[in-house]
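The chain contents come next:
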Amino acid sequence: MGAEIFIVNLLKIISVVIAGHITLTKIIPLIDDMLKGLIKENKVVDSFTSLLGILVIALASIKIIEFAMAMQNKVIGYLEVLKPGLELILSLAPYFGYVFAALVLIIAVRSFRK
């Protein structure tokens, strides 16, 4: 039973790492390209996609820590000390949504003026 829990949680960790990698290397660059086509200020787009990358890393890290904790290994258990810091970063996500909504509104106003 213990080996089964270990293998299942290890597979969960691997799937989170793969999903995070795909998000960071494929999806976020696509979002970056789309926004650069709509917004003239590249610095704003680069900052926005950087924030998006940080949130993806925080989300993936929290899930990895949760799955590692489920393995019930004392050494891996020390990873839990990182969780409060990652949750703090993740708590900024709603504000990130407000920034995204403001960007969409600015794009709509600019396109309406033209």
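What counts as what
- Residues numbered from 1 in each chain as written.
- Predicted model: local features only at pLDDT ≥ 70, side-chain atom pairs only at ≥ 80, totals over all residues.
- Heavy atoms only, no water.
- Helix = DSSP H or I, 4+ residues; strand = E, 2+ residues; numbered from the N terminus.
- Rg over C-alpha atoms; globule rule 2.2 N^0.38 Å.
- Buried < 20%, exposed > 50% of the residue type's maximum accessible area, 1.4 Å probe, protein only.
- Contact = heavy atoms within 4.5 Å.
- Areas by Shrake-Rupley, 256 points an atom, 1.4 Å probe, with all protein chains shown as cover.
- Lys, Arg positive; Asp, Glu negative; His and termini not counted.
- Charge placed at Lys NZ, Arg CZ, Asp CG, Glu CD.
- Axes fitted to C-alpha atoms, helices over the stretch in contact; angles between N-to-C directions.
- Parallel < 35°, antiparallel > 145°, perpendicular 65-115°, else oblique.
- Nonpolar A, V, L, I, M, F, W, Y, C, P; charged D, E, K, R; others polar.
- Core = buried A, V, L, I, M, F, W, Y, C linked by side-chain atoms within 4.5 Å.
- Polar contact = N/O pair within 3.5 Å; in protein donor to acceptor, adjacent residues only side chain to side chain.
- Salt bridge = Lys/Arg side-chain N within 4 Å of Asp/Glu carboxyl O.

Enquirer: Would you mind showing me how to read the overall build of the chain here?
Expert: If you tally the helices and strands in the chain, you get five helices and zero strands. Listing every helix and strand of the chain by position from the N terminus yields α-α-α-α-α. Here the C-alpha atoms of the chain give a radius of gyration of 18 Å, more than 25% beyond the 13 Å that 2.2 N^0.38 yields for 114 residues. Dimensions of the chain along its principal axes, counting C-alpha atoms only, are 65 × 25 × 20 Å. Burial statistics for the chain: of 114 residues in total, 24% are counted as buried. Contacts in the chain between residues far apart in sequence, at least 24 positions, make up 66% of those at least 6 positions apart. Accessible area of the chain: about 8100 Å², with a carbon and sulfur share of 73%. Where the 11 positive side-chain charges of the chain centre and where its 8 negative ones centre are 7 Å apart.

Enquirer: Where do I start with the packing of helix α1 (residues 2-38) against helix α2 (residues 42-69) in this structure?
Expert: Between α1 and α2, the least distance of the axes is 10 Å, while the angle of their chain directions is 170°. The angle between the axes of α1 and α2 places the two elements in the roughly antiparallel class. Split by residue class, the contact of α1 with α2 holds 16 nonpolar, six polar and five charged.

Enquirer: Teacher, can you tell me more about the environment of K83 here?
Expert: Along the chain, K83 falls in helix α4 (residues 83-90). Sequence separation between K83 and G53 is 30 residues; the distance between their C-alpha atoms is 18 Å. In contact with K83, not counting residues within four places along its chain, are I62, I65 and E66.

Enquirer: Looking at this model, I keep getting lost on the nonpolar core. Mind explaining?
Expert: Counting residues in hydrophobic clusters, the biggest one holds ten residues: I28, L35, I39, V45, F48, L52, L55, V56, F96 and L103. Non-local contacts of L35, meaning those with residues more than four positions away in its chain, are made with V45 and F48. Core analysis: the second largest hydrophobic core is formed by six residues, I13, A60, F67 and A68 among them.

Enquirer: So what exactly am I meant to see when it comes to the side chain of D32 here?
Expert: By the element assignment, D32 lies in helix α1. Side-chain polar atoms of D32 contact the side chain of T49, separated by 3.4 Å. Leave out the neighbours within four places in its chain, and D32 touches V45, D46 and T49.

Enquirer: Is there a simple way to explain the pattern of salt bridges in this structure?
Expert: Side chains bearing opposite charge may pair, as long as their charged atoms lie close to each other. Tallied over the entire structure, the rule returns four salt bridges. One salt bridge in this structure joins K36 and D46, with 3.0 Å as the shortest N-O distance. With K36 in helix α1 and D46 in helix α2, this pair connects stretches of sequence that are ten residues apart. Note that K83 is salt-bridged to E66, the shortest N-O span being 3.8 Å. Of this pair, K83 sits in helix α4 while E66 sits in helix α2; the two residues are 17 residues apart in sequence, bridging distant segments of the chain. Using a relative accessible area of 31% as the deciding quantity, one classes E66 as partly exposed. Among the ionic contacts, a cluster of salt bridges with common partners joins D32, K36 and D46.

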